[in-house]
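Chain and residue survey
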Amino acid sequence: MAKQKNNKRISNVDIIKEKLNTVETKIQNGVFIFSGPMTVSEFSSKINQTAAKILTYYFKKGIMKTINTFLNEEEIAELCLMYDLDFKKEENVDAENLFDKLEIVNDPNDLFSRPPIVTIMGHVDHGKTTLIDKIRKSNVLASEFGGITQHTGAYQVDYYGRKVTFLDTPGHEAFTEMRARGAKVTDIVIIVVAADDGVKPQTIEAIDHAKAAELPIIIFVNKMDKPGADPEKVKSQLSEHNIVCEEWGGDVQFIYGSATQNENIDSLLEAIFLQADLLDLKANLNRDPFGTVIESKIDKGRGIVTTIIVQNGTLLPRDFIIAGGQYGNIRSLMTFDGKPLEKALPGDPCIITGLNKNPLSGDKFVVISDEKFAKKIAEEKSFINKQKELNERNSFSIKDGKKVLNIIIKTDVQGTAEAIKQSLIKVTTDETNVNVIRATSGELTKADLLLAETSNARIYLFNVNASAEIKKLAESKNIKIIAHNVIYKIVEEVQAIISTLKEPVYEERQIGVANIIKLFFYSKVGMIAGCKVIDGVVKEFSKVEVFRKGKSIFKGTISSLRIEKNDVKIVEKGFDFGTHIKDFDKIELDDELKFYEDVLV
């Protein structure tokens, strides 16, 4: 990549100030000028009519509204015609939509080649994480709960002097929305399809996302070393979704290999660079940067730790950055694996600290050298978000007379919170809606309990714990806190609640028994139990009880389930498997493990 011309970067301040456009809602020469939805109260005052008249108009039509009900654009137009007014909608560019509308034109002389940004997608268990693992030559799987990637990460590799950045997006179906957000910063999509399993629902989802974002696709046909591998079947199934390989006269590159055997990984990287050359990816190094937030979480020692990808410009330590409604000076700038960085260039993933709060996955970030102006924009954005949350909460509870189940979500990372939220808001019946009033990462706080109390909400925790003090306070206020470490359990429970409007009842049932026949130790994980199933089955995410000489010594859950090196969903009687018991390493040979699952009754 070429070097910057000088240390003087083009500022983003002037272009942002030029783009801002505040539309004044008013009547001008018989034309009602507005920028978007507004409440009945706001609309009536702007056209000098009483809100009662408008409410009566709707009442006669059999529609119940209040002064705080929002009118959409069609309703505003209808009311304008009723009051003999023309209408004109003008675009309001403010802190809320500024970065979506921002278009930066670069001088062609300032453009240099940048690394391609690649998203790997595909069905769960088809080997996405193993593929990234081999590309990065490090072990990602060991840190993943239950073999499913539970966060969004960004990594960069150097292949014979050329760099490529990977977005490692989660494989569980509940992460569909997060995967869609990941595609916004992506240049190329790799879809992993297992040769022995073929096209599955999440494969089709991945194709749909890539097509919707108009991104080129490369197919990696994985597990070619498996006995049941059938690449012809894969080609045929994909052709039904208009993904036609070059051998059949199409324009999609198919690479056949095996991630576990490290077979044809180099061919895949060469295919990526071939596609990148066709795209002719360029960016400007000589300006203040902008890009996208990939992930953000709270670290007790470092504060807010945010993974970002620079898309244009050069990022430096001490830059003042705004991301969504958050802002701050960059205190530390590091590579994705934690090494200090002097600067981050377009296409580079990096980790920063210094923001005042967690931004959301998918938020745009911009460096603005005028700190006072930047803070003003960020604070306006934060205020708009809070007002929106408040309006949604207040109006949603009376929408169409439906009953509403209010929910607060707290997770370990922000991307997961957003993904769970998107899964839950789709859960609905004719009589009941789910309203997620807050979905954030970090520890459960008194502020969360206050919100839960005032909005009569239940709280779901995912991969985080509540302190004893918080639990006690919640109990005194009758606030329900439920902790899960599997997303579909949350969705399943909420579905049960809104279908019956009753608390779900679970029954713990024993599903299998195994004996520990070998012990293994891995520094990143702890003690691994090599077991043999002697009765029933063992399932991923099972509860487990450890017995020693007939006496129960521990109850918990398993955090992995593998046969040899492969993650599996179920192990049947007579088979050997490996598992790690979460938060318990004191296992011994000949211990008996009994496995249970909670069944909704």
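Residue numbers here run from 1 along each chain, matching the order of that chain's written sequence. Residue-level local features of this predicted model are given only where pLDDT is at least 70; pairs of side-chain atoms are given and counted only at 80 or more, and the full residue set underlies all totals for whole chains, interfaces and linings. Side-chain measures here rest on the full set of heavy atoms in the structure, leaving out hydrogens and waters.

Some remarks on the overall build of the protein
Quick note on the threshold: The way it works is that DSSP assigns letters per residue, a run of H or I at least four long becomes a helix, a run of E at least two long becomes a strand, and they are numbered from the N terminus. Here the term buried applies to any residue with accessible area under 20% of the maximum for its type, exposed to any over 50%, and partly exposed to those in between, with areas from a 1.4 Å probe on protein chains only. Between two residues, a contact is recorded if the distance between any of their heavy atoms is within 4.5 Å. In these tables, accessible area is a Shrake-Rupley quantity obtained with a 1.4 Å probe, and a residue counts as shielded only by the protein chains included in the view.
Looking only at helices and strands, one finds 15 helices and 32 strands in the protein. With 601 residues in all, the protein has 51% of them scored as buried. A separation of at least 24 residues holds for 72% of the contacts in the protein among residues at least 6 apart in sequence. Carbon and sulfur atoms provide 49% of the accessible area of the protein, an area that totals close to 29,000 Å².

Some details on helix α12 (residues 414–424)
Where burial is concerned, most of α12 is hidden: 10 out of the 11 residues are buried. If you check which residues of α12 are buried, you get Gln414, Gly415, Thr416, Ala417, Glu418, Ala419, Ile420, Gln422, Ser423 and Leu424.

So, unusual backbone geometry
Positive phi outside glycine occurs at Arg318, with the angle close to 80°. With respect to the secondary-structure elements, Arg318 resides in the loop between β15 (303–312) and β16 (320–323). Despite not being glycine, Asp590 has its phi angle at roughly 75°, a positive value. Mapped onto the fold, Asp590 is located in the loop between β31 (576–581) and β32 (592–600). On the accessibility criterion, Asp590 (68% relative accessible area) is exposed.

Considering the sheet that holds strand β21 (residues 403–411)
Convention followed: For two strands to count as paired, DSSP must find a minimum of two bridges between them. For helices, the axis comes from a line fit to the C-alpha atoms of the stretch in contact; other axes are also lines fit to C-alpha atoms, and the angle between any two N-to-C directions lies between 0 and 180 degrees.
Taking strand neighbours across the sheet as the criterion, the 4 strands line up as β22-β21-β23-β24 in an open arrangement whose pairing is parallel. Edge strands, defined here as strands with exactly one partner in the open sheet, are β22 (432–441) and β24 (481–484). On average, adjacent strands in this sheet sit at an angle of 25° to one another, irrespective of strand direction. Pairing of β21 with β22, which is carried by 9 bridges, proceeds in the parallel orientation.

A short note on helix α4 (residues 73–82)
Going by this rule: Two N or O atoms count as a polar contact when they lie within 3.5 Å, although within protein this holds only if one can serve as hydrogen donor and the other as acceptor, and sequence-adjacent residues are included solely when both atoms are side-chain atoms.
Along α4, the residues that are buried comprise Glu75, Ile76, Ala77, Leu79 and Cys80. Buried residues in α4 make contact with β2 (31–34), β3 (38–39), α2 (40–46), α3 (51–60), β4 (70–71) and β5 (86–89). Between the side-chain oxygen at the start of α4 and the backbone nitrogen of Glu74 there is a gap of 3.1 Å, and the oxygen is on Asn72. In the stretch just after α4, Asp84 is the one whose phi turns positive, near 55°.

Details of the sheet that holds strand β17 (residues 326–329)
Reading across from one edge, β17-β16-β20-β14-β15-β19-β18 is the order of the 7 strands in this open sheet, with antiparallel pairing throughout. Across the chains shown, the open sheet's two edge strands, defined by having one partner strand only, are β17 and β18 (332–335). Taking the axes of each pair of neighbouring strands and ignoring which way they run, one obtains an average angle of 30° across the sheet. Here 4 bridges tie β18 to strand β19 (residues 349–353), and the two strands are oriented antiparallel to one another. Across the sheet, the residue bridging to Ser332 is Thr353, located in β19.

Some points on the pattern of salt bridges
Keep this limit in mind: For this document, the term salt bridge refers to a Lys or Arg side-chain nitrogen within 4 Å of an Asp or Glu carboxyl oxygen.
One pass over the full model with this rule turns up 26 salt bridges. Notably, a salt bridge pairs Glu75 with Lys65, separated by 3.1 Å at the nearest N-O pair. Note that Glu75 is positioned in helix α4 and Lys65 in the loop between α3 and β4, a separation of 10 residues in sequence. We note that Glu75, like Lys65, is buried. Residues participating in the shared-partner salt-bridge network are Glu508, Lys543, Lys555 and Asp598.

What to know about the nonpolar core
Selection criterion: Within this scheme, the nonpolar core is defined by two criteria: the residues are buried Ala, Val, Leu, Ile, Met, Phe, Trp, Tyr or Cys, and they are joined through side-chain atoms within 4.5 Å.
By size, the foremost hydrophobic cluster in this structure holds 25 residues, and its most contacted members are Leu131, Phe166, Ile190 and Ile272. Residue assignment for this core shows that the elements contributing at least two residues are β7 (117–122), α6 (128–136), β8 (153–159), β9 (162–168), β10 (188–194), β11 (217–222) and α10 (265–279). In terms of residue count, α10 provides more of this core than any other element does, 7 residues in total. In terms of nonpolar packing, the next biggest core, distinct from the first, is built from 21 residues, Ala529, Val571, Ile587 and Leu593 among them.

Quick notes on the environment of Gln495
Structurally, Gln495 can be placed in helix α15 (residues 487–500). On the basis of relative accessibility, which here comes to 41%, the residue Gln495 falls in the partly exposed class. Through-space distance from the C-alpha of Gln495 to that of Val427 is 6.4 Å; in sequence the pair is 68 residues apart.

A word on the packing of aromatic side chains
Threshold: Two aromatic rings from Phe, Tyr or Trp, using only the six-membered ring of Trp, form a pair when their centres are within 6.5 Å; if the ring planes differ by under 30 degrees the pair is stacked, by over 60 it is edge-to-face, and anything between is tilted.
This structure, assessed with the given rule, holds 11 aromatic pairs. Judged by centre distance (5.2 Å) and plane angle (80°), the ring pair of Phe32 and Phe43 falls under edge-to-face. Of the two residues, Phe32 is situated in strand β2 and Phe43 in helix α2; the sequence distance between them amounts to 11 residues. Residues Phe32 and Phe43 agree in their burial class; the two are buried. Both rings, one in Phe554 and one in Phe584, keep their centres 4.4 Å apart while their planes meet at 10°; by these two values the pair is stacked. In this pair, Phe554 is assigned in strand β28 (residues 551–563) and Phe584 in the loop between β31 and β32, connecting sequence segments 30 residues apart. Comparing Phe554 with Phe584, the two get one shared label, buried. An aromatic cluster of at least three residues, connected via ring pairs, comprises Phe32, Phe34 and Phe43.

Topic: the environment of Asp251
Of note, Asp251 is situated in the loop between α9 (231–239) and β12 (253–256). A sequence separation of 33 residues divides Asp251 from Ile218, and the C-alpha atoms of the two residues are 9.6 Å apart. When sequence neighbours within four positions are dropped, the list of residues in contact with Asp251 reads Val244 and Glu246.

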